[in-house]
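Results of the structural survey
What follows is each chain in one-letter form.
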Amino acid sequence: MTAPHASASPEHPAAARRSLSLSALWFGILAAPLAWSAEELVGYFIASRVCNMKSSVGSMSVALTTSPWFAGLSFVTYVVAFAGLWIAIANWRRTREEQRGSGHHLLELGEGRTRFMSMWGLLTSIAAVIGLVFITTQMVAAPLCES
Amino acid sequence: MATDFYRIPSITRESYGSAVAARLEEIWKTEPGIKGWLSTVDHKKIGMRYLITAFAFLIIGGLEALLMRLQLAHANESLLSPERYNQIFTMHGMTMIFLYALPILSGFSNYLWPLLLGSRDMAFPRLNAFSYWVYLFSGVFMYLSFFVGHTPNAGWFNYVPYSSRQYDPGIGMDIYALGMVFFGISTTVGSINFVVTLLRTKAPGMSINRIPIMIWGTLTASVGNLFAVPAVSLAFFLLWMDRQFGTAFYQPSGGGHPLLWQHLFWMFGHPWVYAIVLPAMGIVSDALPVFCRRPLVGYTIVALSTVLTMFIGFGVWLHHMFATGLPQLPLSFFGSASLLIVIPSAVAVFAWIATIFTGRPVFKTPFYFFAGFVFLFTVGGLSGFMTAAVPLDWQLTDTYFVVAHLHYVLLGINVFPVVGGIYFWFPKFTGKMMSERLGKWNFWVMFIGFNLGFFPMHISGLLGMPRRIYTYPSGLGWDLPNLITSIGAFLFAIGVLLFLINIVISLKRGVPAGSNPWDASSLEWITPSPPPSFNFVSIPNVATRHPLWEDRLNEGPERSRLHEGMLLDHGRETVGTTALDGEPDVILRMPGDSYLPFLCTIAMTVLVSVASITCGGSRAQRRCWSSLFQSPGYGRDQRLFKPPEVSMDESMELAQRLPVGSLGRHSSGWWGMWCLIATEAALFAYLLFGYFYLGSQAHGGWVPELPKLKVALPNTILLLASSAVVYWGETGIRKGHRGRLIAGLAATLIMGIVFVGLQGMEWHMKPFKMTDNAYASSYFTTTGFHMMHVAAGLLILAALLWWAAIGKFGAERHAAVSIGALYWHFVDIVWLCVFATFYVSPYLQ
């Protein structure tokens with residue numbers, strides 16, 4: 001049995017909480033950063049495996065041209081990251097009503113919790129996509145196994 | 001429905017001098033004398049102990065540093081022998097990084113969190129006391145090595161093979177290893193307490209976008225610790241196993257690899273660096289704006305940058321291993337991550353500068369320390385940014401440049417905010433102001449001493465001086481920078497001495513502070529200085545991020561209700577709220593003072609001391625554990641008080657009926673169990689990482705023979721089936737079917753015992769011993785760890801079965817069943833991972 005909630009404050013801190021789901025907010029925050037993490041850690045694992053068999057791979061080869069695993073990993077992580085970014089943008093738009101003032105107000109004074117989380121999602125997704133671009137650049141440009 | 005499971009809390013507007021406050025004091029006060037000293041669970045007393053103990057360790061570590069600086073002040077100095085120098089720098093690093101840097105911040109957080117959050121205590125008060133005692137005893141334990149003649153001497157990061165038995169046979173290394181496992185327990189339970197405190201005990205209305213940045217900092221550090229500390233505990237435990245029992249994790253001759261140590265250590269080490277700076281950055285983010293007379297610029301983005309720093313921090317451990325001959329592509333991955341981490345750090349720096357620039361700075365002593373911190377953070381951050389570049393790191397690694405960077409980061413970002421934070425909150429802690437004049441002298445001496453001491457280390461490093469050398473020849477250009485460094489170190493020490501003198505003088509002759517001497521904006525400043533044992537007469541209702549500045553900022557029409565709210569005086573009680581929005585959803589009953597945290601620590605200290613002959617927990621220890629997690633609803637020594645007559649007013653309509661104690665699935669214990677599962681899952685992940693890492697380094701023949709599935713497969717199916725059975729029992733009690741719960745628990749217990757028996761048979765049938773090679777070490781250690789978890793799960797199931805039999809559970813109150821079942825599911829899922837790794841993956845090779 002659940003008990004009715006008492007009022008928390010004169011106004012609920014998340015006025016827009018019913019307009020979008022919590023899972024959408026968390027997906028917007030976490031999907032792209034987790035994709036970036038997977039790209040980095042799984043990429044490290046694949047590189048270690050490939051370089052253990054160095055005789056079959058030229059030491060100066062670049063990753064994307066030597067192992068389909070890298071290409072597959074990049075494809076999956078980009079899909080997840082862009083899905084996260086897309087959801088984050090949608091969350092940001094959907095919580096517009098919770099905003100009391102401009103973006104300046106959100107940064108300094110504080111508004112609704114939902115708006116706060118959607119802004120986090122937007123920022124983490126953009127940062128993670130930039131991180132992914134970094135890693136892809138390295139896969140194209142950096143030698144794979146030379147140490 | 002039992003009516004005492006629910007209550008409508010009274011609303012009060014009483015002040016601190018009222019009869020209601022006196023009654024709350026009677027409920028929450030700690031007994032005077034040694035009895036109270038050993039048994040208190042008051043977060044303020046525990047926080048103060050953390051602060052004092054950590055500062056004592058800072059002084060000890062500082063004296064060790066001064067000894068080293070005397071030795072290095074001139075070329076060819078002979079004050080310390082090479083052996084003693086190695087011991088001193090090892091103990092200095094261990095002391096500063098483990099025994100000072102995080103515990104001092106835990107001191108602030110323990111004292112301040114409930115005050116900042118508008119609560120009456122932490123979520124698990126006894127666990128809080130336990131965490132402190134374990135920290136104290138682990139520190140003393142590690143320092144005992146000085147008295148047994150074998151002090152650790154392989155540096156604070158203790159690389160294998162220097163620390164292996166072959167090269168370091170004394171007991172000192174074992175003391176360090178077990179001491180670190182011991183210390184890890186303190187850190188982990190403390191972290192769980194912080195996380196659950198945030199999730200459960202915020203004031204009504206305090207949603208996650210309204211909590212102070214210091215809370216974000218400590219929360220992030222705590223979550224980080226839950227995932228990072230198992231790596232170092234495991235690394236030290238495996239080292240101890242190698243040294244004591246001859247396992248082969250780090251021994252190349254047995255198929256192990258020394259680099260496994262570096263991986264495990266730095267998987268912990270880098271997040272730890274952030275754990276010991278993020279709460280300090282939070283101190284600055286909250287206190288600096290007070291002296292700028294405006295809110296922090298960019299709260300949302302600073303809070304996010306705090307979290308992101310830790311998140312990225314888990315993906316940069318390899319940059320400590322750039323010089324170990326790894327393939328170039330991963331180096332570039334981790335190099336780019338190390339560059340990326342600068343962004344959130346820089347965001348915070350720009351936010352602080354913008355806050356100062358757009359505010360109206362008041363030049364009080366805390367402001368000096370915070371502004372000085374911003375400068376030192378920038379210098380330390382820039383030198384860290386440089387070492388993220390692989391080619392430059394190859395040149396700088398193991399030189400004094402890295403020592404300079406480390407000290408700018410750890411001293412600059414930790415000690416300066418800490419000292420500034422003490423100047424800031426000293427009035428709240430003691431009711432007295434610190435001397436401003438002495439404070440400014442204190443700052444300038446420390447600031448000049450710090451830069452004089454540590455900046456020349458950059459030069460020494462660039463001139464090629466390696467770290468950890470006990471002396472050097474003259475004529476290499478190192479003489480002058482080293483002399484300046486030593487002078488700066490002593491000047492810095494004088495600064496610290498001035499700080500201590502200021503504390504002593506201010507305690508005796510300080511001007512009375514009043515409740516809010518700085519005109520600050522957060523909740524702790526509405527309490528008297530020092531705060532009473534119960535913190536708040538009524539639990540405040542929060543409507544904005546700056547409850548005490550609402551009229552000034554005029555953000556909107558809403559106003560917090562700071563002196564009107566729930567009374568909660570039926571014993572030690574506080575309100576439990578929802579994790580994200582701070583909606584009241586339960587009245588939490590808090591446990592009283594107890595000797596058990598102290599006694600439990602004594603028992604653990606004895607256990608660690610005789611670890612080589614004692615493997616299982618004693619009955620007394622098990623009792624300790626069950627007591628420590630007593631919180632909401634489980635206090636047996638609740639001092640119940642008759643509800644007082646309180647005048648009702650119009651705000652009464654805000655209060656609705658709330659469950660009391662641990663009703664519902666999402667009790668504090670449920671959240672605590674999730675935290676425990678997170679950290680235990682990390683432990684197993686590191687174990688399995690070790691397995692795959694060592695396998696990847698073996699050149700053929702890693703698995704001696706394909707594992708037989710004849711016993712393991714049915715045993716796995718049995719364990720997984722037991723999860724379904726316990727779930728069946730748990731869903732039964734939710735509907736009020738006590739018989740179904742008893743049957744489910746009994747069946748699960750039997751299935752678990754059968755699993756243990758079959759696993760024992762499996763061990764017996766193995767054709768190898770634990771010490772034969774790295775594979776065998778990994779197999780027996782991992783399955784052994786799992787078996788310990790199964791044993792713990794069986795004990796929990798047995799206790800639940802007993803409680804179910806005597807009628808403790810019903811449809812309304814069954815949180816313990818949900819928590820126990822959760823743990824059992826975890827044990828089963830872990831086995832699935834272990835089974836897939838050890839029994840299935842060899843077939844996929």
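Residues numbered from 1 in each chain as written. Chains lettered and ligands numbered in written order. Predicted model: local features only at pLDDT ≥ 70, side-chain atom pairs only at ≥ 80, totals over all residues.

Some words on the overall build of chain B
Secondary structure summary: chain B contains 25 helices and seven strands in total. The C-alpha atoms of chain B give a radius of gyration of 28 Å, which matches the 28 Å a tight globule of 845 residues would have. Viewed in the frame of its principal axes, chain B has a C-alpha envelope of about 85 × 75 × 50 Å. Taken over 845 residues, chain B has a buried fraction of 58%. Partitioning the contacts of chain B with sequence separation of at least 6, the portion at a separation of at least 24 is 83%. (Helix = DSSP H or I, 4+ residues; strand = E, 2+ residues; numbered from the N terminus. Rg over C-alpha atoms; globule rule 2.2 N^0.38 Å. Buried ≥ 20, exposed ≤ 12 C-beta atoms within 10 Å, placed from the backbone. Contact = placed C-beta atoms within 7 Å.)

Notes on the overall build of chain A
Secondary structure summary: chain A contains five helices and zero strands in total. Reading the helices (α) and strands (β) of chain A from amino to carboxyl end gives α-α-α-α-α. Looking at chain A as a whole, 41% of its 147 residues qualify as buried.

Remarks on the domain arrangement of chain B
By convention, interface size is frequently given as the accessible area that disappears when the constituent parts associate. For chain B, the assigned domains are domain 1 (301–512) and domain 2 (695–844). Each of domain 1 of chain B and domain 2 of chain B was reduced to a C-alpha centroid, and the two centroids are 47 Å apart. (Domains from an automatic or database assignment.)

Some words on the nonpolar core
Residue and element names in this part refer to chain B. In terms of nonpolar packing, the biggest core is built from 286 residues, with Ala235, Leu264 and Phe268 touching the most fellow members. Among the domains, domain 1 (301–512) and domain 2 (695–844) are the pair contributing at least three residues each to this core. Excluding residues that lie within four positions of it along the chain, Phe268 makes contacts with Ala228, Val229, Ala231 and Val232. (Core = buried A, V, L, I, M, F, W, Y, C linked by C-beta atoms within 7 Å.)

Focus: the packing of helix H15 (residues 400–430) of chain B against helix H16 (residues 436–462) of chain B
All names here are of chain B. Following both chains from N to C, one finds H15 and H16 inclined at 170°, their axes separated by 8 Å at the closest point. As summarised for this structure, H15 and H16 are arranged roughly antiparallel, according to the angle between their axes. In this structure, H15 uses Tyr400, Phe401, Val402, Val403, Ala404, His407, Tyr408, Leu411 and Tyr423 to contact H16, whose residues at the interface are Gly439, Phe450, Phe454, Phe455, Met457, His458, Ser460, Gly461 and Leu462. When the residues that make up the contact of H15 with H16 are grouped by side-chain class, the tally is 13 nonpolar, five polar and no charged. (Axes fitted to C-alpha atoms, helices over the stretch in contact; angles between N-to-C directions. Parallel < 35°, antiparallel > 145°, perpendicular 65-115°, else oblique. Nonpolar A, V, L, I, M, F, W, Y, C, P; charged D, E, K, R; others polar.)

Considerations on the sheet that holds strand E4 (residues 561–566) of chain B
All names here are of chain B. On the basis of which strands lie adjacent, the open sheet formed by three strands has the order E2-E4-E3 and antiparallel pairing. Among the strands making up the open sheet, the edge pair consists of strand E2 (11–12) and strand E3 (539–541). Of the strand pairs in this sheet, E2 and E4 are connected by two bridges, and their pairing is antiparallel. By the bridge assignment, Thr12 is partnered in E4 with Gly565. (Pairing = 2+ DSSP bridges.)

What about the environment of Phe443 of chain B?
All names here are of chain B. With respect to the secondary-structure elements, Phe443 resides in helix H16. Take Phe443: there are 24 C-beta atoms within 10 Å of it, and that puts it in the buried class. Residues Phe443 and Tyr368, spaced 75 residues apart in sequence, show a C-alpha to C-alpha distance of 6.9 Å. Among residues more than four places away in sequence, those in contact with Phe443 are Thr365, Tyr368, Phe369 and Gly372.

A closer look at the confidence of the model for chain A
Residue and element names in this part refer to chain A. On average, residues of chain A carry a pLDDT of 78, and 71% of them reach 70 or more. Put simply, helix H4 (residues 103–108) is where chain A has its lowest mean pLDDT, 50, and helix H3 (residues 68–94) is where it has its highest, 93. A low-confidence stretch, residues 1–10 stays under pLDDT 50, and its non-local contacts, those more than four residues away or across chains, total 30 contacts. (pLDDT = per-residue confidence, 0-100.)

A word on the confidence of the model for chain B
Residue and element names in this part refer to chain B. In this model, chain B carries an average pLDDT of 90, and 94% of its residues clear a pLDDT of 70 or more. Taking the mean pLDDT of every element in chain B, the minimum, 48, falls on helix H20 (residues 619–628) and the maximum, 97, on helix H17 (residues 479–509). Taken as a whole, residues 631–654 scores under 50 in pLDDT and shows 55 contacts with residues more than four places along the chain or in a different chain. Overall fold confidence (pTM) sits at 0.91, and the ipTM for the predicted complex is 0.85.

Observations concerning unusual backbone geometry
Residues and elements named next belong to chain B. Between Val160 and the following residue, Pro161, the backbone shows a cis peptide bond with an omega angle of 15°. In the segment running from Ser529 into Pro530, the intervening peptide bond is cis, with an omega of -10°. Relative to the helices and strands, Pro530 resides in the loop between H17 and E3. The phi dihedral of Asn158 is positive, around 55°, even though this residue is not glycine. Inspection of the secondary structure puts Asn158 in the loop between helix H5 (125–143) and helix H6 (172–200). The backbone of Asp519 sits at a positive phi, close to 60°, despite the residue not being glycine.

A short note on the pairing of strand E5 (residues 573–577) of chain B
Residue and element names in this part refer to chain B. Of all five residues in E5, five are buried, a share of seventy percent or more. Pairing analysis gives five bridges linking E5 to strand E6 (residues 584–589), with the strands arranged antiparallel. Across the sheet, Gly576 pairs through a bridge with Val586, a residue of E6. Taking the residues that link successive antiparallel strands as the turn, the E5-E6 hairpin has six residues, and the phi of Gly582 there is positive, at about 65°.

Examining the pairing of E4 of chain B
Of the strand pairs in this sheet, E3 of chain B and E4 of chain B are connected by two bridges, and their pairing is antiparallel. Each residue of the ladder has a partner; that of Asn541 of chain B, found in E4 of chain B, is Arg561 of chain B.

Some details on the environment of Val542 of chain B
Residue and element names in this part refer to chain B. Considering the arrangement of structural elements, one finds Val542 in the loop between E3 and helix H18 (550–553). Note on Val542: 28 C-beta atoms within 10 Å, which makes it buried. Once the C-alpha coordinates of Val542 and Asp585 are considered, the two residues, 43 residues apart in sequence, prove to be 16 Å apart.

Section: the environment of Leu115 of chain B
Residue and element names in this part refer to chain B. With respect to the helices and strands, the residue Leu115 is situated in helix H4 (residues 82–117). For Leu115, a count of 23 C-beta atoms within 10 Å gives the class buried. In this structure the C-alpha to C-alpha distance between Leu115 and Pro252, which are 137 residues apart in sequence, comes to 53 Å.

Topic: the packing of helix H7 (residues 213–245) of chain B against helix H8 (residues 259–275) of chain B
Residue and element names in this part refer to chain B. It is at 8 Å that the axes of H7 and H8 come closest, and there the two elements cross at 155°. Here H8 runs roughly antiparallel to H7, going by the angle between their axes. Considering how the two elements wind past one another, H7 and H8 form a crossing that is left-handed. Residue-level contacts link Ala221, Gly224, Asn225, Ala228, Val229, Ala231, Val232, Leu234 and Ala235 of H7 to Trp261, Leu264, Phe265, Met267, Phe268, Pro271, Trp272, Tyr274 and Ala275 of H8. Here the residues of the contact of H7 with H8 are counted per class, giving 16 nonpolar, two polar and no charged. (Left-handed = near helix turned anticlockwise from the far one by under 90°.)

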